[in-house]
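Examination of the molecular architecture
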Amino acid sequence: MYIFLTLRQYKYTTYISLEAVKMFATSFFFILTIISKTCIIIASSTDTSSPKFPAILIFGDSTVDTGNNNYIKTLFKGNYYPYGKDFPGHVPTGRFSNGKLVPDFIASTLKIKDIVPPFLKPNLSDEELLTGVSFASAGSGYDDLTTVASGVIPVSKQIEYFKKYIERIQGIVGEKEAKNIVKRALVLISAGTNDLVINFYDTPTRRLEFDINGYQDFLQKNLKKYIEVLLPGSKLVYADIYDPLIDMIKHPQKYGFVETKRGCCGTGLVEAGPFCNSLTPPCNDASQYVFWDTVHPSEAAYQFLSIYLEKEVLPKLLYNNQSHSLIHSIGKMNAH
């Protein structure tokens, strides 16, 4: 099993795009978490054969939720226009962007599948289950307190869903093959932003117990616990997601972007989640925007981040040959 972890913490600035970075960077993709100042990739198992990923498994928040929140009682949903306006078929799927997310691009690059379905989607086919799903939930975090008000799925419960997933694929291919699939799967974990924003900065619940370093340690212990359930005996590889995102903002012309200071949805200054809707028409060409709404990157930005990860992270796993469980934990922004 390979697990991607991405770390992000946020920094205050006057630009809305960097305001979005502050949130995005604390909880992006493959384990974006705000726990450490570096990006970490953890891999385990010492199989020396060339690794091939039969499945992709996703945990985390809105950066990697492909639609699980559609099936729970919460206001945190992205299954309505204009979300998904550039997704194949122009369908709002529950993804918090105009199109695909990083897990979709990675799964496609690795020839696992074109898109990653949510685990809670009714009537998942055997093929969809065997090649992997997303357990992620928009608004989620490593701290269970983060999801109390919103009713979304904390990472701790996502791990419980993962156990149910194993039972389901055992029913399809048997215990031995199910174990082999999970052992060789690529796991992406992206969370942490909501923990800091909800529990520490906006509503300072955890500040009554911790300073910022103490709260990061608390989140790190939770993350360590979750990783031990998924990936015992892992190796570490370092990566960074903050720099490539900031580079898009500082040098947009390199990537074909025109707008970096606001999102594509509505005015781009306040619209996100339920405030990005049919009454807030989007820009004409989201591919020219780094951000889709005030918090979440556009499909184009996610694609560039995916390319970065494919170049900088996957080779370290594929050429190493000594891991069958990877955790990619990516860069944290310093809190100020």
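Residues numbered from 1 in each chain as written. Predicted model: local features only at pLDDT ≥ 70, side-chain atom pairs only at ≥ 80, totals over all residues. Heavy atoms only, no water.

1. Thoughts on the pairing of strand S3 (residues 56–60)
- Judged by how many residues are buried, S3 sits mostly within the fold: five of five residues are covered.
- Here S3 shows two buried faces, one formed by Ile56, Ile58 and Gly60 and the other by Leu57 and Phe59.
- Here S3 runs beside strand S4 (residues 186–190); their pairing, made up of five bridges, is parallel. When the bridges of S4 are listed, isoleucine 58 appears paired with leucine 188. (Buried < 20%, exposed > 50% of the residue type's maximum accessible area, 1.4 Å probe, protein only. Helix = DSSP H or I, 4+ residues; strand = E, 2+ residues; numbered from the N terminus. Pairing = 2+ DSSP bridges.)

2. Topic: the packing of helix H6 (residues 193–202) against helix H7 (residues 212–230)
- At a minimum axis distance of 12 Å, the contact between H6 and H7 shows a crossing angle of 145°. The crossing of H6 and H7 is right-handed. When H6 is examined against H7, the residues Asp195, Leu196, Asn199, Phe200 and Tyr201 are found in contact with a partner set consisting of Ile212, Tyr215 and Leu219.
- A class-by-class count of the residues in the contact of H6 with H7 yields six nonpolar, one polar and one charged. (Axes fitted to C-alpha atoms, helices over the stretch in contact; angles between N-to-C directions. Left-handed = near helix turned anticlockwise from the far one by under 90°. Contact = heavy atoms within 4.5 Å. Nonpolar A, V, L, I, M, F, W, Y, C, P; charged D, E, K, R; others polar.)

3. Notes on the nonpolar core
- Leu57, Phe59, Phe135, Tyr142, Phe162, Tyr165 and Leu230 are the most contacted members of the largest nonpolar core, which totals 36 residues.
- Elements with a minimum of two residues in this core: S3, helix H3 (126–130), helix H4 (155–173), helix H5 (175–184), S4, H6 and H7.
- If we skip the residues at most four places from it in the chain, phenylalanine 135 touches Leu57, Ile58, Phe59, Asn68, Phe119, Gln158, Tyr161, Phe162 and Tyr165.
- Grouped together as the second largest cluster of nonpolar side chains are 30 residues, Leu101, Val102, Phe105 and Phe291 included. (Core = buried A, V, L, I, M, F, W, Y, C linked by side-chain atoms within 4.5 Å.)

4. What to know about the pattern of salt bridges
- Taken as a whole and assessed by the stated rule, the structure comprises nine salt bridges.
- Among the ionic pairs, aspartate 86 bridges to lysine 85, the shortest N-O distance being 3.4 Å.
- Take lysine 85: its relative accessible area is 15%, and that puts it in the buried class.
- Measuring nitrogen to oxygen at the nearest pair gives 2.7 Å for the salt bridge that ties aspartate 247 to lysine 254.
- Looking at aspartate 247, the relative accessible area reads 19%, which means it is buried.
- Each of the salt bridges in this network shares a partner with another, and the network as a whole consists of Asp143, Arg206 and Glu209. (Salt bridge = Lys/Arg side-chain N within 4 Å of Asp/Glu carboxyl O.)

5. Thoughts on the state of the cysteines
- Counting across every chain of the model gives two disulfides.
- Each sulfur of the disulfide joining cysteine 264 and cysteine 283 lies 2.0 Å from the other. Its torsion about the S-S bond being -100°, the disulfide of cysteine 264 and cysteine 283 is classed as left-handed. Separated by 19 residues along the polypeptide, cysteine 264 in the loop between helix H8 (242–250) and helix H9 (299–312) and cysteine 283 in the loop between H8 and H9 bring together distant segments of the chain. Cysteine 283 matches cysteine 264 in its accessibility class, with the two residues each being buried.
- At a sulfur-sulfur separation of 2.1 Å, the disulfide partner of cysteine 265 is cysteine 276. The S-S bond linking cysteine 265 to cysteine 276 shows a torsion near 110°; that makes this disulfide right-handed. In this pair, cysteine 265 sits in the loop between H8 and H9 while cysteine 276 sits in the loop between H8 and H9, placing the two residues eleven residues apart along the sequence.
- Taking the relative accessible area as the measure of exposure, cysteine 276 reaches 0% and is therefore buried.
- In the chain, the cysteines engaged in disulfides, taken in order along the sequence, are linked 1-4, 2-3. (Disulfide = S-S within 2.5 Å.)

6. Overview of unusual backbone geometry
- Cis rather than trans, the peptide bond between tyrosine 81 and proline 82 has omega equal to 10°.
- Along the polypeptide, proline 82 turns up in the loop between S3 and helix H2 (102–109).
- Even without being glycine, lysine 111 reaches a positive phi, approximately 60°.
- Note on placement: lysine 111 falls in the loop between H2 and H3.
- Taking the relative accessible area as the measure of exposure, lysine 111 reaches 76% and is therefore exposed.

7. What about H4?
- Its 19 residues place the ends of H4 27 Å apart at the C-alpha level, agreeing with the 27 Å of an ideal helix rising 1.5 Å per residue.
- Along H4, the residues classified as buried are Val155, Ser156, Gln158, Ile159, Tyr161, Phe162, Tyr165 and Ile169.
- Among the residues trailing H4, glycine 174 stands out with phi positive, at a value near 95°. (Expected span 1.5 Å × (residues − 1).)

8. Looking at the confidence of the model for the chain
- In this model, the chain carries a mean pLDDT of 81, and residues with pLDDT of at least 70 account for 76%.
- By mean pLDDT, the top-scoring element of the chain is H3 (98), and the lowest-scoring one is strand S6 (residues 326–329) (35).
- A low-confidence stretch, residues 7–50 stays under pLDDT 50, and its non-local contacts, those more than four residues away or across chains, total 273 contacts.
- Predicted confidence for residues 320–336 stays below pLDDT 50, and this span has 130 contacts to residues more than four positions away or in other chains. (pLDDT = per-residue confidence, 0-100.)

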